Amino acid sequence: MSNIVILTGAGISAESGLETFRAETGLWAQHRVEDVATPEGFAQDPSLVVAFYNKRREQAAKAKPNAAHEALAHLEAAHTGTVLVVTQNVDDLHERAGSRNLIHMHGALNSALCAACDHRWDAPMVMAVGDACLSCGAPSARPDIVWFGEMPYQMDEIFEALGQADIFAAIGTSGNVYPAAGFVAEARRAGARTVEINLELSSVGSQFADALLGPATRTVPDWVAGILND
Ligand code: BJW
């Protein structure tokens, strides 16, 4: 019985048609990160930020889980040990594929957060600046997204799982954003076998014991089949 922790990033949803961040034509080539993914950007121009996430919410709703999301859901159902997926993605393709033991460490497009009282609720498809909180009534709704400088969610649970991991895989993430980019070091300290699954080696690729290079819809099902046949 082995414990498997899987970190996913934008690359796992790329073949579902969702843009990654750091590709040449990706989201950060079209928007200044300071403008749309920081609390300061939201304070400066909330309409711009709300519109950015409204558009991405609409795109995510139209996208479908691909063979890589489905393979991870199958792994969770078929593996005799534990499987935890920690995603940096704010789309809901993992849960729509069937993953249940899942942490959205950078938040979720389908969730709204009250900046006044921290209450969360299901976001409407189109949020507006100054939407009222469903709990306290303050006009303080914001997208429930972890921006730069904010604390990612469920970090205690993630570090506890990494400390007990036998296998750690990072799929489709460039290794540029912390704390997620530090998970491989944490998993290695715990003695986990580590594998990077990506089109190319990431910024932290040299820290992994193994690499599987290629599109996630091919490499992830192959990797899952290998684990289940072990
Ligand atoms: C494929 C593929 C295919 C493509 N198949 N693969 C200096 C040093 C160290 C840290 C810091 C520092 N200064 C500031 C920091 C901290 C900061 C940080 O890391 N900054 C860096 C830029 C240096 N981090 C934070 O502020 C975080 N909070 C924090 O640290 O709190 C304190 C703390 C300390 C200790 C413990 C705990 C907490 C918050 C980070 C919030 C990130 N937010 C964003 C935007 C919001 C979400 C959204 O709008 O969607 O999250 S940024 C953006 O990057 C998004 C992503 O989740 C994240 C990671 O991107 P990802 O997923 O890796 O995408 P890409 O595009 O970079 O890569 C795609 C990959 O896929 C590529 O490798 C492709 O090759 C691959 N690929 N197609 C397989 N078909």
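Residues numbered from 1 in each chain as written. Predicted model: local features only at pLDDT ≥ 70, side-chain atom pairs only at ≥ 80, totals over all residues. Heavy atoms only, no water.

Draft legend 1. Expanded view of the sheet that holds strand β4 (residues 107-114). Taken together, three strands build an open sheet; the order of strands is β5-β4-β6 and the sheet is antiparallel. Of all the strands in the sheet, the pair left with one neighbour each is β5 (120-122) and β6 (141-145). Across the sheet, the mean angle separating the axes of adjacent strands is 45° when strand polarity is ignored. In terms of strand pairing, β4 meets β5 through three bridges, oriented antiparallel. Directly across from Ser111, in β5, lies its bridge partner Asp122. Packing of helix α5 (residues 46-62) onto the sheet brings it into contact with β4 and β6, and relative to β4 it is tilted by some 140°. (Pairing = 2+ DSSP bridges. Helix = DSSP H or I, 4+ residues; strand = E, 2+ residues; numbered from the N terminus. Axes fitted to C-alpha atoms, helices over the stretch in contact; angles between N-to-C directions. Contact = heavy atoms within 4.5 Å.)

Draft legend 2. Spatial organisation of the nonpolar core. By size, the foremost hydrophobic cluster in this structure holds 23 residues, and its most contacted members are Tyr53, Leu109, Trp121, Met127, Ile145 and Trp147. Where this core is concerned, the elements lending two or more residues are α5, β4 and β6. No other element matches α5, which puts five residues into this core. Each of two domains, domain 1 (4-18 + 65-106 + 153-229) and domain 2 (19-62 + 110-145), supplies a minimum of three residues to this core. (Core = buried A, V, L, I, M, F, W, Y, C linked by side-chain atoms within 4.5 Å. Buried < 20%, exposed > 50% of the residue type's maximum accessible area, 1.4 Å probe, protein only. Domains from an automatic or database assignment.)

Draft legend 3. Spotlight on the site of the ligand. Taken together, 35 residues are adjacent to the ligand, and Arg22, Arg56, Ser174, Tyr178 and Asn198 come closest. Look at the ligand: alone it shows 1500 Å² of surface, and the protein chains cover 75% of it. Broken down by class, the residue content of the shell around the ligand amounts to 18 nonpolar, 12 polar and five charged. (Near = heavy atom within 4 Å. Areas by Shrake-Rupley, 256 points an atom, 1.4 Å probe, with all protein chains shown as cover. Nonpolar A, V, L, I, M, F, W, Y, C, P; charged D, E, K, R; others polar.)

Draft legend 4. View of the pairing of strand β7 (residues 167-171). By the criterion of burial, β7 is predominantly enclosed, with five of the five residues buried. Both faces of β7 are covered, namely the face carrying Ile167, Ala169 and Ile171 and the face carrying Phe168 and Ala170. The pairing of β7 with strand β8 (residues 193-198) spans five bridges and is classified as parallel. Bridge pairing in β8 places Ala170 opposite Glu196. For the segment spanning β7, helix α9 (residues 183-189) and β8, crossover handedness is right-handed. (Right-handed = clockwise from strand over helix to strand, strands pointing away.)

Draft legend 5. View of the domain arrangement of the protein. Entries for the protein in the domain assignment read domain 1 (4-18 + 65-106 + 153-229) and domain 2 (19-62 + 110-145). Here the C-alpha centroids of domain 1 and domain 2 sit 25 Å apart. Contact residues are listed per partner, giving 15 residues for domain 1 and 13 residues for domain 2. Here domain 1 and domain 2 share an interface that buries about 1000 Å² over both sides, 55% of which is from carbon and sulfur atoms. The largest contributions to the domain 1 side of the interface with domain 2 come from Leu18, Val90 and Tyr153, which together make up 47% of the buried area. Scanning the region where domain 1 abuts domain 2 turns up three residue pairs in polar contact (both at pLDDT 80 or more). Looking at the side of domain 1 that touches domain 2, the elements that each hand over two or more residues are α1 (11-14) and α7 (93-97). Grouping the constituent residues of the side of domain 1 that touches domain 2 by class yields seven nonpolar, five polar and three charged. (Buried area = accessible area lost by both parts, 1.4 Å probe. Polar contact = N/O pair within 3.5 Å; in protein donor to acceptor, adjacent residues only side chain to side chain.)

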